[in-house]
Amino acid sequence: MKKIASFCVDHTKLKKGIYVSRVDGDVVTYDLRMCTPNAGSYLENAAQHTFEHLFATYARNSKYTDSVVYVGPMGCRTGFYFLVRDTMSHAEVIGLLKDVCAFIAGYEGEIPGNSEVECGNYLDHDLPGARKMGAAFGEVIQNWTPEMTAYEN
Ligand code: ZN
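Residues numbered from 1 in each chain as written. Predicted model: local features only at pLDDT ≥ 70, side-chain atom pairs only at ≥ 80, totals over all residues. Heavy atoms only, no water.

Regarding the overall build of the protein
Working step 1: Assigned secondary structure in the protein consists of 3 helices and 4 strands.
Working step 2: Along the protein, helices (α) and strands (β) appear in the sequence β-β-α-β-β-α-α when read from the amino end.
Working step 3: Whereas a compact globule of 153 residues would reach a radius of gyration of roughly 15 Å, the protein reaches 15 Å, a difference of no more than 12%.
Working step 4: With respect to the three principal axes, the spread of C-alpha positions in the protein is 40 × 35 × 35 Å.
Working step 5: In the protein, which comprises 153 residues, the share counted as buried stands at 42%. (Helix = DSSP H or I, 4+ residues; strand = E, 2+ residues; numbered from the N terminus. Rg over C-alpha atoms; globule rule 2.2 N^0.38 Å. Buried < 20%, exposed > 50% of the residue type's maximum accessible area, 1.4 Å probe, protein only.)

Considering the coordination of the zinc ion
Working step 1: Coordination of the zinc ion by the protein comes from His49 (NE2), His53 (NE2) and Cys119 (SG), over a distance range of 2.1 to 2.2 Å.
Working step 2: Here the donor residues for the zinc ion map to a single chain with the spacing H-x3-H-x65-C. Here His53 is found in helix α1 (residues 45-61), whereas its partner Cys119 is found in the loop between α2 (90-105) and α3 (127-140), with 66 residues between them in sequence.
Working step 3: Residue classification places His53 among the buried residues on the basis of a relative accessible area of 14%. (Donors = N, O, S within 2.8 Å, 3.2 Å for Na, K, Ca; no water.)

By themselves, these observations are geometric and do not establish any function.
Okay, here's the thing in structure tokens:
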């Protein structure tokens, strides 16, 4: 079988940030890299699960709702993939992600979709952990620019 594109990225050189992973037609996949690969610290499962619920809820309730295709964590627990239609510019995606991080960093109250009916593992959540992820990634991307979304940087 052919090696898929995301395995061709040199993970030894990859730093935290926002990158364009691939483009399929009008769908752009962003690599939201929250941990340095293979550096010993990874996202905790319960925290990234809560982050996923809040991220999806915020993005799908934003003005960009029609452009949002999918958001979900990477199996390696070093980040998330965020898929949007190319109706959003890189700058708009970066802006939305800053808003997502600020929203999650300050979130209090019920975790949306957190019930046995709505979620596949509803007891495995960590809101304080998700808040820390939001604050940390918000700091990483605060000065991110569209030019920096190319993997070569
Ligand atoms: Zn869930």
